[in-house]
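Residue-level structure breakdown
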Protein chains: 2
Amino acid sequence: MARFTHPRLEDVPLDLALHALADPNRLEMVARLAAAERLRCSDAAPCEAIPKSTLSNHLKLLRAAGLIETTQAGREMINTLRRSEFDRRFPGLLDAVLANRPA
Amino acid sequence: MARFTHPRLEDVPLDLALHALADPNRLEMVARLAAAERLRCSDAAPCEAIPKSTLSNHLKLLRAAGLIETTQAGREMINTLRRSEFDRRFPGLLDAVLANRPA
DNA sequence: TTCAACAGTTCAATATTCCCGAACTATTAA
DNA sequence: TTAATAGTTCGGGAATATTGAACTGTTGAA
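Residues numbered from 1 in each chain as written. Chains lettered and ligands numbered in written order. Predicted model: local features only at pLDDT ≥ 70, side-chain atom pairs only at ≥ 80, totals over all residues. Heavy atoms only, no water.

What follows covers the relation of the copies chain B and chain A. Superposing chain B onto chain A takes a rotation of 180° combined with a translation of 0.0 Å along the rotation axis, leaving an RMSD of 0.0 Å. Both copies of the chain, as the preceding transformation shows, are related through a two-fold rotation axis. Most of the interface of chain B is mirrored in chain A: 100% of its interface residues are interface residues there too. (Least-squares fit on C-alpha atoms with pLDDT ≥ 70 in both. Contact = heavy atoms within 4.5 Å.)

So, on to the sheet that holds strand 1 (residues 39-40) of chain B. Residues and elements named next belong to chain B. Across the sheet, three strands lie side by side as 1-3-2; this open sheet has antiparallel pairing. Two strands bound the open sheet, and with one partner strand each, they are strand 1 and strand 2 (68-73). Bridge count between strand 1 and strand 3 (residues 76-81): two bridges; the pairing is antiparallel. When the bridges of strand 3 are listed, L39 appears paired with N79. Its contacts with the sheet put helix 2 (residues 24-36) on strand 1, strand 2 and strand 3, and the angle it makes with strand 3 is roughly 85°. Along the sheet, helix 4 (residues 52-64) contacts strand 2 and strand 3; its crossing angle with strand 2, the most-contacted strand, is approximately 120°. (Pairing = 2+ DSSP bridges. Helix = DSSP H or I, 4+ residues; strand = E, 2+ residues; numbered from the N terminus. Axes fitted to C-alpha atoms, helices over the stretch in contact; angles between N-to-C directions.)

This part takes up the interface of chain B and chain A. Residue-level contacts link 18 residues of chain B with 18 residues of chain A. Surface buried jointly by chain B and chain A totals about 1300 Å² across both partners, of which 70% is contributed by carbon and sulfur atoms. In terms of surface lost to chain A, no three residues of chain B exceed B:L14, B:L18 and B:N100, which account for 39% of the buried area on that side. On the surface where chain B and chain A come into contact, there are zero salt bridges. Put simply, chain B and chain A have two residue pairs in polar contact (both at pLDDT 80 or more) between them. The set of elements that each furnish at least two residues to the side of chain B that touches chain A consists of helix 1 (14-21), helix 2 and helix 6 (93-99) of chain B. The greatest single-element share of the side of chain B that touches chain A, amounting to five residues, is contributed by helix 1 of chain B. The residue makeup of the side of chain B that touches chain A, split by class, is 12 nonpolar, three polar and three charged. (Buried area = accessible area lost by both parts, 1.4 Å probe. Salt bridge = Lys/Arg side-chain N within 4 Å of Asp/Glu carboxyl O. Polar contact = N/O pair within 3.5 Å; in protein donor to acceptor, adjacent residues only side chain to side chain. Nonpolar A, V, L, I, M, F, W, Y, C, P; charged D, E, K, R; others polar.)

Set out below in structure tokens:
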């Protein structure tokens, strides 16, 4: 099964990071990861209704934006927020976005 | 000639605001407006090469995101950043984004 | 007054990106 | 083995973005 590639944060452009956050579903996923530390893909999903392939795509985009790390554990994929690295790369950005997230 | 519609900031969703900022050209335009107060469309352009119709579209999107206000002055359109309103709606967001903008 | 130039918008066609069903891969439990 | 689970990848239709060409309004000059 695919092994994921995680970019170095210094290689992530701001546009890409903002683009990743500029989607309600992905932002909800990031918020869940910010609250939960470790989440399987299906548990990171923003809602029940979202198709698996769409979810997988969102997670891929979040990885490319340096926001999450995914590791395999048995047949599950465990996702975590790369919070400290992301904060070092874009100080204050994630805080500001999460703080302004709709309820 | 068209008269522009400017949304109330409370009607602007976070996604839309982030999407507007998640583009290098638009972000550059916002940065210029943040530095200059009042700018004609062509002076707000991120570079020489960008076509007029594309520029016009970017400005429309920035208007829809509540980031700028456009008023007519003779045959020119004058754009200004709706800084204080935007900051009230999304505290800290624009600062964080601008601060992390590439040089 | 026309008329040409200017500043920008709108339209429509093309190009790009996104979404999601279907097929696939890998791992585990029976 | 086999069936179930957890997710990825592929491909095609839907939605967005880009941009050249035509258009609208405004101004200054003949």
